[in-house]
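# Residue-level structure breakdown
Spelled out, the chains give:
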Amino acid sequence: MIAERTKRAARPSLYEPVVARIRSVTKQTDSEMLFDIALPEGRPLGHQPGQFVQVLVPGVGECPISICTSPTRADSFGLCVRRVGDVTAHLHGLGAGDTVGIRGPLGRGFNLAEFIGRDVLIVAGGLGLAPVRSLIQYILDERANFGRFSLLYGARNPSELLFRADLVRWRERKDMNFHVTVDKPDDDWRGHSGVVTTLFRELPALDPSTRVVVVGPPVMFKFVVLEVLARRIPQKQLYCSLERRMKCGVGKCGHCQVNHVYVCMEGPVFTYGELKAIREAFE
Amino acid sequence: MLDRVVHRTDLSALIDELARTRRIVGPVKHEDRFFYEAVDRAGRLDLDFTYCVYSPKAQLLPPKETLLTFDRTTGNFTCHPLYDERPTVLAGVHPCDLHAIKLLDHVFGAEHADEQYLSRRRHMFLIGIDCPHPCTAGVFCRDMHAHVADSGFDLMCYPLERDQAGRTVRYGVQVGTTAGQEAILYGRVGTPPTPEAEQHLARYQAEKDRAFPKAIPVDSAGLPGLLAKSYDSLLWEATARRCYSCGSCNLVCPTCYCFDIHDDGALGGNGGERVREWDGCQLRGFAEVAGPHNFRPKPGSRLRHRVFRKGKWILERTGLPGCVGCARCDRACTARISLVDMYKQLAEEV
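Scope of this entry: the structure provided in the associated data block. (Residues numbered from 1 in each chain as written. Chains lettered and ligands numbered in written order. Predicted model: local features only at pLDDT ≥ 70, side-chain atom pairs only at ≥ 80, totals over all residues. Heavy atoms only, no water.)

### So, the sheet that holds strand E8 (residues 120–125) of chain A
Across the sheet, seven strands lie side by side as E11-E10-E9-E8-E12-E13-E16 (chain A); this open sheet has mixed pairing. Of all strands in the sheet, those with a lone pairing partner are strand E11 (192–193) and strand E16 (269–271) of chain A, marking the two edges. (Pairing = 2+ DSSP bridges. Helix = DSSP H or I, 4+ residues; strand = E, 2+ residues; numbered from the N terminus.)

Laid out in structure tokens, this is it:
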């Protein structure tokens, strides 16, 4: 295909990734690995919590992955990758010192201005903890700038819990209200069991100005929204993050479009009020 | 307003003059159909063509192109973007397709500029050919306000006079850009427009206005309102029952620009290419993610998605119509699914 018709040029392309180096890989569960990745010369990624990057394994392809670390920890960034397809399977075969291509940060993350000075409640289910972890870390690193902070996290079973070291640290903190549950406990599980909505009983009364973030599988989303709306939190204060098939990441290729919305541009973070106008988001 | 009047041989000469430094692409007749093709001289073009089966989008966004190549070494790799900067004169673009190119320019040129599209576009000289009458039955370009174009070209040619065989012998030429102005100056072809030629053009335009009928009950400005009331119509599913999800409509559409990007590895595994290839929202796997999960598994929801893009969403997002009424999709559909028919049926429902 590369005939004389096309020429190599030193101009940047929208589709050209930065070559970034994997600093470490940590196994999270049987299907999830945590990658710590550094850009050349320790350059910060410059992201907002809730944004994503396109990760390229040359010769295999690209896939969109949420950034799971806060920009306040800037010399590298984390990606929690579940093995679901070709690209993620190849990523799981890489180790410290290997390189991947990174395009981003892409999309619209959480509007931090809306969160600062307010109480924040984050509800995460399963792999949904990865995209909100960037916001959790941000809040903890800038703790004085936020009001009361609660985090509810649910997984299907104990073996699927992510970021276990974080879970231990978060439980010890006095400046956050953290609860974790599993749907199906095993014999060793001493904690709470039941779906994530059962953790709402552990919460203090919510201030009406509380900003709420819900990220998890669609079925969880509905039931958590019911709990939140029942507590009279306005729907424009309720945020979630959508998963779609971003390819170009810049609002052109059409793959992630949901009705009139390009998830890679207007999302992946939306308020519940915005989502309601996007019928396909719930189909 | 005309800037020049040229004989048909003058127009050929002008294109050949431009082709001293450019390739020529334009309509070429094969049996009874026309296709955009690269040719070595203007004489091979048929500028009295009806319509080209495929739109000229392939000249700007090729069906398949290498965006970058990569070379892998142990634990590392480098990327090299590729650009197509061949100067090209694209001669013979009807107003509908000029409108479609305007949309592509907006999509690839506005936010997050796509240099690989733009480098091709910047090296392209566009010669429009106006249509005195609809190119074929079933078009609805008038309803989309795309049967005339007052910009989006370097030169626009109005076929003012025809011979016995129906071939245009004299064109009124309108200049659209500085590049077009220079081409006229340096080409030294034709004559300055006379008052008589201007009258001729006015007559031509009045006749053209009568020749293009309205084909659907609403126009491009009314379509978003019609569609807003039709999201839950059963027409999508009813029509899509006969859809093969083949994507022919996407393929021929001048405003369908969705694409996929994938890697082609070279043999030996140390190098390869990232390739952009046309994709279509009517194909089954278009909205599928790894897992797998398909966000638009039903043909009815895919058909609705296409029609809403064409009639509503693109217009609302860009201010430019997402459909130019060329009806290539209607002609290409193996199941005889027709936008014109659907719009008529939806208008009856509301």
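Moving on from the model shown.
### Thoughts on the pairing of strand E3 (residues 33–39) of chain B
Residue and element names in this part refer to chain B. Examined bridge by bridge, strand E2 (residues 23–30) and E3 share seven bridges and lie antiparallel to one another. Paired with Pro27 across the bridge in E3 is Tyr36. A loop of two residues connects E2 with E3, the two strands running antiparallel in sequence, and Glu31 in this loop sits at a positive phi of about 55°.

### Description of the packing of helix H2 (residues 95–109) of chain B against helix H3 (residues 115–122) of chain B
Residue and element names in this part refer to chain B. The geometry of H2 relative to H3 is characterised by a closest axis approach of 9 Å and an angle of 140° between their N-to-C directions. The angle between H2 and H3 places the two elements in the oblique class. Along this stretch, H2 crosses H3, giving a crossing that reads as left-handed. Counted together, Ile101, Leu104, Asp105, Phe108 and Gly109 of H2 and Tyr117, Leu118 and Arg121 of H3 form the full contact between these two elements. Taken together, the residues that form the contact of H2 with H3 break down as five nonpolar, one polar and two charged. (Axes fitted to C-alpha atoms, helices over the stretch in contact; angles between N-to-C directions. Parallel < 35°, antiparallel > 145°, perpendicular 65-115°, else oblique. Left-handed = near helix turned anticlockwise from the far one by under 90°. Contact = heavy atoms within 4.5 Å. Nonpolar A, V, L, I, M, F, W, Y, C, P; charged D, E, K, R; others polar.)

### Considering the pairing of strand E9 (residues 149–155) of chain A
Along any regular strand the residues' side chains alternate between the sheet's two faces. Residue and element names in this part refer to chain A. Burial within E9 is extensive, with seven of its seven residues counted as buried. Handedness of the crossover joining E8 and E9 through helix H3 (residues 129–141): right-handed. Two elements, E9 and strand E10 (residues 177–182), share six bridges in a ladder whose sense is parallel. Paired with Ser150 across the bridge in E10 is Asn177. (Buried < 20%, exposed > 50% of the residue type's maximum accessible area, 1.4 Å probe, protein only. Right-handed = clockwise from strand over helix to strand, strands pointing away.)

### A few points about the pattern of salt bridges
Enumeration according to the criterion identifies 40 salt bridges over all chains in this entry. Between Arg23(A) and Asp36(A) there is a salt bridge, with the nearest N and O atoms lying 3.1 Å from each other. Highlighted residues: Arg23(A) in strand E2 (residues 18–27) and Asp36(A) in strand E3 (residues 32–38), separated in sequence by 13 residues. Looking at Arg23(A), the relative accessible area reads 42%, which means it is partly exposed. Salt-bridge contacts for Asp105(B) lead to Arg121(B); the nearest nitrogen and oxygen are separated by 2.9 Å. Pair noted here: Asp105(B) is in helix H2 and Arg121(B) is in helix H3, with a separation of 16 residues, a long-range link. Among the charged side chains, a network of salt bridges with common partners joins Glu65(B), Asp84(B), Arg86(B), Asp114(B), Arg120(B) and Arg276(B). (Salt bridge = Lys/Arg side-chain N within 4 Å of Asp/Glu carboxyl O.)

### Section: the interface of chain B and chain A
Residue-level contacts link 57 residues of chain B with 51 residues of chain A. For the pair chain B and chain A, the summed buried surface comes to about 4800 Å²; carbon and sulfur atoms form 52% of the total. On the chain B side of the contact with chain A, Phe77(B), Tyr83(B) and Arg317(B) bury the most area, a combined 14% of that side's loss. Across the contact surface, chain B and chain A share five salt bridges. In this structure, Arg274(B) engages Glu62(A) in a salt bridge whose closest nitrogen and oxygen atoms are separated by 3.2 Å. Run the count over chain B and chain A and you get 22 residue pairs in polar contact (both at pLDDT 80 or more). Going through the elements one at a time, strand E4 (64–73), strand E5 (76–84), H2, H3, strand E10 (259–265), strand E11 (271–278), strand E12 (288–289) and helix H9 (299–318) of chain B are the ones with two or more residues in the side of chain B that touches chain A. At nine residues, the largest contribution of residues to the side of chain B that touches chain A is made by E4(B). In terms of residue class, the side of chain B that touches chain A is built from 22 nonpolar, eleven polar and 24 charged. (Buried area = accessible area lost by both parts, 1.4 Å probe. Polar contact = N/O pair within 3.5 Å; in protein donor to acceptor, adjacent residues only side chain to side chain.)

### What to know about the sheet that holds strand E7 (residues 124–129) of chain B
Residue and element names in this part refer to chain B. Pairing is mixed in the open sheet, where seven strands are placed in the order E1-E9-E8-E7-E6-E2-E3. Both edges of this open sheet fall to strand E1 (4–7) and E3, since each of them pairs with a single strand only. Taken over all neighbouring pairs, the strand axes of this sheet differ in orientation by 30° on average, direction set aside. As paired strands, E2 and strand E6 (residues 88–93) are joined by three bridges and run parallel to one another. Bridged to Ile24 within E6 is Val89. Relative to the sheet, helix H4 (residues 178–187) contacts E1, E7, strand E8 (155–162) and strand E9 (168–175), its axis offset from that of E9 by approximately 130°.

### Regarding the packing of aromatic side chains
In total, this model carries 16 aromatic pairs over all chains according to the counting rule given. An angle of 20° between the planes, with centres 4.8 Å apart, marks the rings of Phe108(B) and Tyr117(B) as stacked. For the residue pair Phe108(B) and Tyr117(B), the accessibility class agrees, reading buried in each case. Relative to Phe308(B), the ring of Tyr231(B) has its centre 5.5 Å away and its plane inclined at 85°; by these criteria the two rings are edge-to-face. Remark: Phe308(B) occurs in helix H9 and Tyr231(B) occurs in the loop between helix H6 (223–228) and helix H7 (235–240); sequence separation between them is 77 residues. Among the residues examined, Tyr231(B) registers a relative accessible area of 8% and is labelled buried. Taken together, the ring pairs connect Tyr15(A), Phe108(B), Tyr117(B), Tyr257(B) and Phe259(B) into an aromatic cluster. The residue whose ring lies beneath Lys222(A) is Phe223(A), and the NZ or CZ to ring-centre distance is 5.6 Å. The positively charged end of Arg276(B) is found above the aromatic ring belonging to Phe259(B), 4.7 Å away from the centroid. (Phe/Tyr/Trp six-rings, centres within 6.5 Å; stacked < 30°, edge-to-face > 60°. Lys NZ or Arg CZ within 6 Å of the ring centre and 35° of its normal.)

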